[in-house]
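# Coordinates in review
For reference, the chains in residue letters:
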Amino acid sequence: MSDRSYRFSHAITRKPSASIVAGLRAVDTGAPDLQLMLAHHAAYVATLRDTGATVIELEPLEAYPDSVFVEDTALCLPKGAVVMRPGAPSRLGEAAEMAPHLEALYGEVRRISGTDSFIEGGDILMTESEILVGRSARTNAVGIAELARLTADWGEVVREVHTPPGVLHFKTDCSLLDAETILSTVRLSSSGCFKGYRLIDVAEGEEAAANTIRFNDLVLMPAGFPRTRDRLLAAGYTVREIGNSECAKLDGGMSCLSLRFTPKA
Ligand code: CIR
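Parameters at a glance
Residues numbered from 1 in each chain as written. Predicted model: local features only at pLDDT ≥ 70, side-chain atom pairs only at ≥ 80, totals over all residues. Heavy atoms only, no water. UniProt positions renumbered as here; feature names shortened; annotations may be inferred. Phe/Tyr/Trp six-rings, centres within 6.5 Å; stacked < 30°, edge-to-face > 60°. Helix = DSSP H or I, 4+ residues; strand = E, 2+ residues; numbered from the N terminus. Buried < 20%, exposed > 50% of the residue type's maximum accessible area, 1.4 Å probe, protein only. Contact = heavy atoms within 4.5 Å. Lys, Arg positive; Asp, Glu negative; His and termini not counted. Salt bridge = Lys/Arg side-chain N within 4 Å of Asp/Glu carboxyl O. Arc of directions from axis to C-beta. Near = heavy atom within 4 Å. Polar contact = N/O pair within 3.5 Å; in protein donor to acceptor, adjacent residues only side chain to side chain. Areas by Shrake-Rupley, 256 points an atom, 1.4 Å probe, with all protein chains shown as cover. Nonpolar A, V, L, I, M, F, W, Y, C, P; charged D, E, K, R; others polar. Pairing = 2+ DSSP bridges. Axes fitted to C-alpha atoms, helices over the stretch in contact; angles between N-to-C directions.

Identification of the chain as NG,NG-dimethylarginine dimethylaminohydrolase (Dimethylargininase) protein from Gemmobacter lanyuensis is taken from an unreviewed UniProt entry. Looking at the chain in UniProt, the text filed under Sequence similarities (unreviewed entry) is "Belongs to the DDAH family."

### Notes on the packing of aromatic side chains
How two aromatic rings sit relative to each other is given by the distance of their centres and the angle of their planes. Going through the model one piece at a time under the given rule, you end up with three aromatic pairs. Here the aromatic rings of Phe8 and Phe215 are separated by 5.7 Å at their centres, their planes lie at 20°, and the arrangement is stacked. You can see Phe8 sitting in the segment before β1 (10-14) and its partner Phe215 sitting in strand β12 (residues 213-215), a full 207 residues away along the chain. Given the relative accessible area of 8%, Phe8 is considered buried. Relative accessible area serves as the criterion here: at 0%, Phe215 is assigned to the buried category. Between the aromatic rings of Phe170 and Phe194, the centroid separation amounts to 5.9 Å while the plane-to-plane angle is 50°, which identifies the pairing as tilted. With Phe170 in the loop between β8 (158-162) and β9 (174-176) and Phe194 in the loop between α4 (186-189) and β11 (198-201), this residue pair connects regions lying 24 residues apart in the sequence.

### A look at the UniProt feature "binding site: substrate" (unreviewed entry) in the chain
Under the UniProt annotation, "binding site: substrate" (unreviewed entry) lies at Leu24, Asp66, Glu71, Asp72, Arg91, Arg138 and Leu250. Residue position: Leu24 is located in the loop between β1 and α1 (34-50). Judged by relative accessible area, Leu24 falls into the partly exposed class, the value being 31%. Look past the residues within four positions of Leu24 in its chain and what remains in contact with it is Asp66, Ala88, Ser90, Arg91, Arg138, Leu250 and Asp251. We classify Arg138 as buried; its relative accessible area is 15%.

### Focus on the UniProt feature "active site" (unreviewed entry) in the chain
Using the residue numbers shown here, the UniProt feature "active site" (unreviewed entry) corresponds to His169 and Cys256. Annotated residues spanning 88 residues; largest pairwise C-alpha distance 9.9 Å, indicating a single compact cluster. Secondary-structure assignment places His169 in the loop between β8 and β9. When neighbours within four sequence positions are excluded, His169 is seen to be in contact with Asp72, Glu120, Gly122, Asp123, Arg138 and Thr163. Looking at the element boundaries, Cys256 is found in the loop between α6 (245-248) and β15 (259-261). Of the residues examined, Cys256 reaches a relative accessible area of 8% and is grouped as buried. In this view, Cys256 contacts Val68, Phe69, Val70, Glu71 and Asn211; residues no more than four positions away in its chain are not counted.

### So, the side chain of Asp178
Considering the arrangement of structural elements, one finds Asp178 in the loop between β9 and β10 (181-184). The charged side chain of Asp178 is buried without a salt bridge, its nearest counter-charge being Arg198 at 4.0 Å. With residues near it in sequence (within four places) discarded, Asp178 still touches Tyr6, Arg198, Arg214 and Tyr237.

### Notes on helix α3 (residues 141-151)
Of all the residues in α3, the buried ones are Gly143, Ile144, Glu146, Leu147, Leu150 and Thr151. End-on, the buried residues of α3 take up no more than an arc of 160°, which puts them together on one face.

### So, the site of the ligand
As a matter of local geometry, the ligand sits amid 14 residues, with Asp66, Asp72, Arg91, Leu250 and Cys256 nearest to it. The backbone of Leu24 places a nitrogen or oxygen atom 2.9 Å from a nitrogen atom of the ligand. In the environment of the ligand, an oxygen atom lies 2.8 Å from a nitrogen or oxygen atom belonging to the side chain of Arg91. When isolated, the ligand has an accessible area of 350 Å², and the protein chains bury 99% of it. Here the residues of the shell around the ligand sort into five nonpolar, three polar and six charged.

### Section: the sheet that holds β9
Pairing is mixed in the open sheet, where three strands are placed in the order β9-β10-β11. Only two strands of the sheet have a single partner each, and these edge strands are β9 and β11. Within this sheet the neighbouring strands show an average axis-to-axis angle of 25°, counted without direction. Pairing geometry for β9 and β10, over three bridges, is antiparallel. Following the sheet pairing, Ser175 is matched in β10 by Leu183.

Next comes the structure, spelled out in structure tokens:
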């Protein structure tokens, strides 16, 4: 067992820019407050660093309102990184902005390049044995097939699954807690896509708590979901709650804010 899916030496984050107020959102519940988002973001980065990891904090990108959500731009694997092709037109250019940072760390960086291929990191859940990719409004079958082709010689197995209708990304509704265990909403796990894994359900009415990250010894989860937090504590996880009110206005959560990896030279 490699623990590749939750033990990492590095993370990349990007500070939110003032243009964040123009970020994409499914439902408009008001503009995010930049100062509060910066404070939450700083707490998130500090928590990643508390685990001993090196966190590379990139400068804000004003031209891309959603660029704080770096997860969507790439998939970092043990043998190399793959630059994504986001399905949101306003986010396409973010992937190219990330590529040089990955090239500085990884020996090999590949790219999703088909003009019909769309795929965002938020739809991808890497486990110990496979890569689950949810088809969604941002990720299509062509993009998933290209990812499978690009990573086959790295020994990766890609499995196409479905993101629930009306949910932004696959990982909006689930996260990996350890090599065997997945935290999920019932609306997602009832599809049967996690057969063979141990499942912990988020509490009913706390669906927004499903997007957590296991990062080394910690589980980072959004603050404000006490029943799901208590389930994680009861299962033995060490939990850190991070304010997420401003990212939540833009459908973002814990996983979206970082790329997590152990670079291979
Ligand atoms: C978007 O709609 O693309 C952003 N407002 C939120 C992206 C969240 N990313 C993620 O779940 N990986």
